[in-house]
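# What the coordinates show
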Amino acid sequence: MLVMLLQVLLFNQLQLWGVCHPYIYVLCLMMMPITLPHNADMFIGAAAGLVMDVFCNSMGVHTAACILLMFIRPYLLGLIVNDKDRLNEQISLRAVGMEAFVKYVVILVLVHHLTVFLLAAWSWSHIGFVLLETFVSSIITILLVIGYNMLKYR
Amino acid sequence: MQNLLKILLRYSNFLVFIALEVAAFMLITFNNAYPRSSVFSTANKVVAWQHEVVSDICGYFSLRSQNELLAEENVALRNKLSALDSANTAMMHYVSAKVVQMTTGELNNYITINRGSKDGICRGQGVRNSEGVVGIVRTVGQNYSVVLPIINTRSNLSCRFAKNDYVGTLHWDGKDSRFAQLQDISTHMVVNPGDTIITSGLSPVFPEGIPVGIVENSVLKDGDSYYTIRVRLQTNFKRLKYVEVVQNAHQQELEELTDGLD
C-alpha cells in the first residue's frame, strides 16, 4: 500500500530522459507469499493494476500486465526455487537466496514492463522506442527492488 | 459431464487468467475507441485532487519563470488591445485553467486541467496558452478535464503556413516534446527553415492564426510527393502551468452542419 502511494506520488512524476518510467509498485505483487489460491492472486493483481491505470490514464494497460505477472509467478518460482517451504513466507532476498531472487525479479519485471509499454503504444510502429523504454525502466525498477531487499534484510 | 467438470477444474487457473486478460483488453480497446468515461481517468475527482496537491507543491519551484511569462503575456496583450479586431473575436470565448497533471515523456501524453463541465468545457474544444497551441479536450468530468496535447502520437491538427495558404496536418512521432512533424505539404511549395506555422482555422476547434511552431528543417525523400517537415513547437510543454480553453460560440452549429453531411 505504501509502495503504491510512493509510486503515484513520486515515481509517476519522475521522467528521466523521456524513456524512464520505473513502476516499482510491482514490488508488492512480487513479494506476496504463495499462500492464497492462484485465482485469488490474479484478482489481486487485476485490482492493483486497475488502481495504477486510473492514476496513469491508461485504462486496462497495467491491469493486463499485472494479471500476466500474477499468472506466471507461481510457475516461475516452481522452476527456480528448490525449497518449496520457503514460498509460504514473503518472497524476499533472504527467503529464496540471492541468485534465485535476482533471476525471479529480472524476468518478472521485464515481462511486466514490456507488456505495459507495448500495450500503451498499441502499435508496432514504435517498437524501437518501446524496447528502449522497457530496457531503461526495467533496469531502474530491478535495482530499486533489489536495493530495497538488501536494505531491509541485511 | 463429470469428465468435463474435471477438466474445467484442472485448468481453472488458466481459464480465470484468460477471462481476466480478455476483460483487461476490452477495457483497453474500449478506452481507445470511446475515451468518454471520466470516472476511470484523471478527470476523476479524487485522482485529480491528488494530482492537484502534488502540482501545488511542485508549483512553488517554478514561480519565478511563471511570473516572467505572465509579465511577457501582459505586454503582448496590451499591444494587441490597441489593434483589436472585435468582429472576429466576438464568437470566441476563453476560459483560463490550471494544469494539475501532465506527462511529456511518453508516447501518449495527457494533460489534466482544473476546469470541467461546470465551467462549460465540452469535448472537442481547443486548448492554447500564451505561447501557442496546446491540444484538444478529450474527456470532461464535472470539475476536471483531460486534454489530448499535440505531443501525443494520436493527435493530429490542421495547420497552415503563415506566408501562404498551404495547409498540412501536424503529427507527433513520440520522440521529443519540443518538435512535431508537419505532413501533406506537397513538393511544389518552397519550404525554408524559419517559416512560421499557424492554425488553419479550417475546423471550429481553433480560430485561425494561433502560433503552432517554426520550421526547423524539411526532408524530401526520393519518390515522395510530400515533404516531411520538422517543426519546433512554440509551446514549451515542460513548463506548462496555465492554459486557456477556446470556446467557439458557433462550434455546435458548425459540427451539426458537418455531421449532417455523412
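Use the structure listed above.
What comes next is a walk through the structure. All values reported here derive from a predicted model rather than from experimental measurement.

All names here are of chain B. Reading around the barrel, the six strands line up as β1-β2-β5-β4-β3-β12 and close back on themselves, with antiparallel pairing between neighbours. Direction aside, the axes of adjacent strands within the sheet are offset by 45° on average. Note that strand β1 (residues 92-102) and strand β2 (residues 111-113) share three bridges and pair antiparallel. What sits directly across from M102, in β2, is I111.

Residue and element names in this part refer to chain A. Across the interface, helix α6 (residues 98-121) lies against helix α7 (residues 127-152) with an axial gap of 8 Å and an inter-helix angle of 145°. For the crossing formed where α6 meets α7, the hand is right-handed. In terms of residue class, the contact of α6 with α7 is built from 18 nonpolar, six polar and one charged.

In this structure, M30, F101, Y104 and V105 of chain A are the most contacted members of the largest nonpolar core, which totals 51 residues. Secondary-structure elements contributing two or more residues to this core are α2 (26-31), α3 (38-56), α4 (61-80), α5 (93-96), α6 and α7 of chain A together with α2 (12-33) of chain B. Examining the composition of this core, we find that eleven residues originate from one element, α4 of chain A, more than from any other. If we skip the residues at most four places from it in the chain, F101 of chain A touches I91, S92, L93, V96, V145, I146 and N149 of chain A. One finds I113, I151, V205 and I229 of chain B within the second-largest nonpolar core, a separate group that totals 39 residues.

Under the defined criterion, the tally for this structure stands at eight salt bridges over all chains. A salt bridge links D41 of chain A to R73 of chain A; its shortest N-O distance comes to 3.2 Å. With a gap of 32 residues between them, D41 of chain A in helix α3 and R73 of chain A in helix α4 connect regions that are remote in the sequence. Both residues of the pair, D41 of chain A and R73 of chain A, belong to the buried class. E99 of chain A is the partner of K103 of chain A in a salt bridge, and the nearest nitrogen-oxygen pair spans 3.8 Å. Of this pair, K103 of chain A and E99 of chain A both sit in helix α6, four residues apart, which is roughly one turn of the helix. The exposed category is assigned to E99 of chain A, whose relative accessible area is 59%. Bridged by salt links that share partners, the residues R160, D165 and E208 of chain B form one connected network.

Parameters at a glance
- Residues numbered from 1 in each chain as written.
- Chains lettered and ligands numbered in written order.
- Predicted model: local features only at pLDDT ≥ 70, side-chain atom pairs only at ≥ 80, totals over all residues.
- Heavy atoms only, no water.
- Pairing = 2+ DSSP bridges.
- Helix = DSSP H or I, 4+ residues; strand = E, 2+ residues; numbered from the N terminus.
- Axes fitted to C-alpha atoms, helices over the stretch in contact; angles between N-to-C directions.
- Left-handed = near helix turned anticlockwise from the far one by under 90°.
- Nonpolar A, V, L, I, M, F, W, Y, C, P; charged D, E, K, R; others polar.
- Core = buried A, V, L, I, M, F, W, Y, C linked by side-chain atoms within 4.5 Å.
- Buried < 20%, exposed > 50% of the residue type's maximum accessible area, 1.4 Å probe, protein only.
- Contact = heavy atoms within 4.5 Å.
- Salt bridge = Lys/Arg side-chain N within 4 Å of Asp/Glu carboxyl O.

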